[in-house]
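Understanding the architecture of this molecule
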Amino acid sequence: MMNMSAAQQRKPGRNATTYYVSSREGSDANSGLSPQSALRSLQAVSRKPLAPGDSILLERGSLFENDYLHLYDLRATADNPIRISAYGKGAQPEIRTNGQGRWYQDYGVPLDNPAHKNAGYVSSAVLLYDCAGIEISDLSITNGGEEQDSAYNDLNRMDRTGVAVVAQNGGTLSHIYLSNLTVCHVHGNVYNKHMNNGGIYFTAFMPADEEKTGIARFDDVCVERCYLEDVNRWGIAVAYTAYCGHFLTKEIPDEVVARYGASRVVIRRNFVKDAGGDSITTMYCDRPLIEQNVSDGAGRQINKRDYAESDFGRVAAAVWPWKCKNALFQFNEVFNTRYHNGENQDGQAFDADWGDGTIYQYNYSHDNEGGCLMVCGEEAVNTIFRYNISQNDGRAILLPASSPVAQVYNNTFYIKEGVPFIDTNSDGVGPMVLKNNLVYYAGNQPRQENWYTDVTEYSNNLFWGYQNAPENGQNNLTADPCMQAPGTGKTGTTLGPALDTLAGYRLQKSSPAIGAGVATGPQLLDFYGNTVPNPPSIGAHQTPAE
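All values derive from a computational prediction rather than experimental measurement. (Residues numbered from 1 in each chain as written. Predicted model: local features only at pLDDT ≥ 70, side-chain atom pairs only at ≥ 80, totals over all residues. Heavy atoms only, no water.)

Regarding its fold elements, the protein chain presents four helices and 42 strands. The globule rule puts the C-alpha radius of gyration for 546 residues at 24 Å, and the 24 Å found for the protein chain is close to it. Viewed in the frame of its principal axes, the protein chain has a C-alpha envelope of about 80 × 45 × 45 Å. Per-residue burial for the protein chain yields a buried fraction of 62% across its 546 residues. Summarising the internal contacts of the protein chain: among those between residues at least 6 apart in sequence, 74% fall at separations of at least 24. In the structure as shown, the protein chain presents an accessible area of about 20100 Å², 46% of it carried by carbon and sulfur atoms. Here the protein chain holds 43 positive side-chain charges and 60 negative ones, and the gap between their average locations is 6 Å. (Helix = DSSP H or I, 4+ residues; strand = E, 2+ residues; numbered from the N terminus. Rg over C-alpha atoms; globule rule 2.2 N^0.38 Å. Buried < 20%, exposed > 50% of the residue type's maximum accessible area, 1.4 Å probe, protein only. Contact = heavy atoms within 4.5 Å. Areas by Shrake-Rupley, 256 points an atom, 1.4 Å probe, with all protein chains shown as cover. Lys, Arg positive; Asp, Glu negative; His and termini not counted. Charge placed at Lys NZ, Arg CZ, Asp CG, Glu CD.)

Of the pockets and cavities examined, the largest pocket occupies roughly 650 Å³. If you go around the largest pocket, you meet 28 residues; those closest to its centre are Lys193, Val315, Trp322, Asp353 and Cys376. Elements supplying a minimum of two residues to the lining of the largest pocket: β24 (319-322) and β31 (373-376). Each residue belonging to the lining of the largest pocket can be placed in one class, and the counts come to 10 nonpolar, nine polar and nine charged. (1 Å grid on protein atoms, 1.4 Å probe; cavity = no way out; pocket = protein on both sides within 12 Å on 5 of 7 lines; lining within 4 Å. Points joined across faces, edges and corners; volume = space filled by probe spheres on them. Nonpolar A, V, L, I, M, F, W, Y, C, P; charged D, E, K, R; others polar.)

Over the atoms, a rolled probe matching the size of one water molecule traces out where space is still vacant. For the structure shown, the criterion picks out one cavity of 30 Å³ or more. In this structure, the largest cavity is lined by Ala204, Ala216, Arg217, Phe218, Ala239, Thr241, Tyr260, Gly261, Ala262 and Tyr284. Breaking the lining of the largest cavity down by element, the ones donating at least two residues are β15 (217-224) and β17 (234-241). Each residue belonging to the lining of the largest cavity can be placed in one class, and the counts come to seven nonpolar, two polar and one charged.

This is the structure:
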């Protein structure tokens, strides 16, 4: 380990140091300063002094069994970061921690719900504790293995992480970049939502002396091009905070989120498969950007078999924010989110949860058992859902769950047999304003629908495949929209979302949806990158009226 004073003793302009680590050829008696004199263990290299510009390189093909890399109190910068990556040829070096690498997590305060666990031992393959200016790439990480005298779904099972990042006694920690990591088989505690528990998890704890060190928070965080599979509970989470008590209003003041929240957070081009709970969540972030990710099979363990010892918290959606200001989710694909016939009380692709100004745009949702979008609860304010495509989602397409009014416009919904358009998993259906949406029911027979017109305002939408249309509103159409080939969207891969397979939802020139919309405010592009004309068309595809 290295503290701040040691780092500051390094003179500017010095030659950077690179430490090499090889499980095949190394020895902890070596200096580690060349591939020929590589160290053997991650624990040995973690004790080396590190300064801005230094690197730790793990040999490709190495397997670090029962090993872990824990780094504390390192300070570098975006211009001169400390890099942790791979060297040589072959497969990514693998850190296989097997429940080792234990440290004690303590937020120092109760969390927003006192029932959530806030302290305990955690096993992490990689831990960055009060570190800044760190870039980690090209590693493979697992943290499985069973615990003695403990079932995999024991309520007290130890929390585990692939990569844990913690802020506590270093004020604002800037520039943590994680890229091209493979994080699989992290078997943590399915019940604990806010411990460092899952694939990649950022947290901020209460400082020991806030007056001296400042508020613990993150700035300039990027998680990009990572592959995560079979991680429990979370896939990627950034960044739950001990300062949650400052986020008590429905609308979040800019000065509050700037002072206590994480800033410049980007989660991009990741693939999360079979997360035990949620795939990607931003928490207490200021204008985070979540784009071009793929989620497959979220909520895998949110059922009464795996989640058997408690009913509290048995909920999970795929990609969503919590108490963020102006979170932007775009160009993501979400599919196969599990609902488990209601045992998971959520199960949607997208969840505009408690937060202010959440925007979902240009996303693709399909085959999610719990539906496309939930707007969750009374503190989910100023939600916008626009220019998205939903194909064959289940349960219900829109689930406004006792929520404030949400703006839903210019989406295309392709709905399979037996699925209602609107429902709720709460005490009531929240209000929505629906404009310019193309709602296409693809069942075998026309469907009689409950449009919840007492709380839902409809204007300039097009409905097809229904026995009835909403009786309220104005300028709504009932007609075949004449799309090119609806229902033919494909599935994304590790190369990215399958957005380029959705040409079937473009409108034919004969479509009655062209030019039949109403202006919705400033919006420059449609789902396909076309400029939105005036008047706009109905649906996610825009083309000028002739």
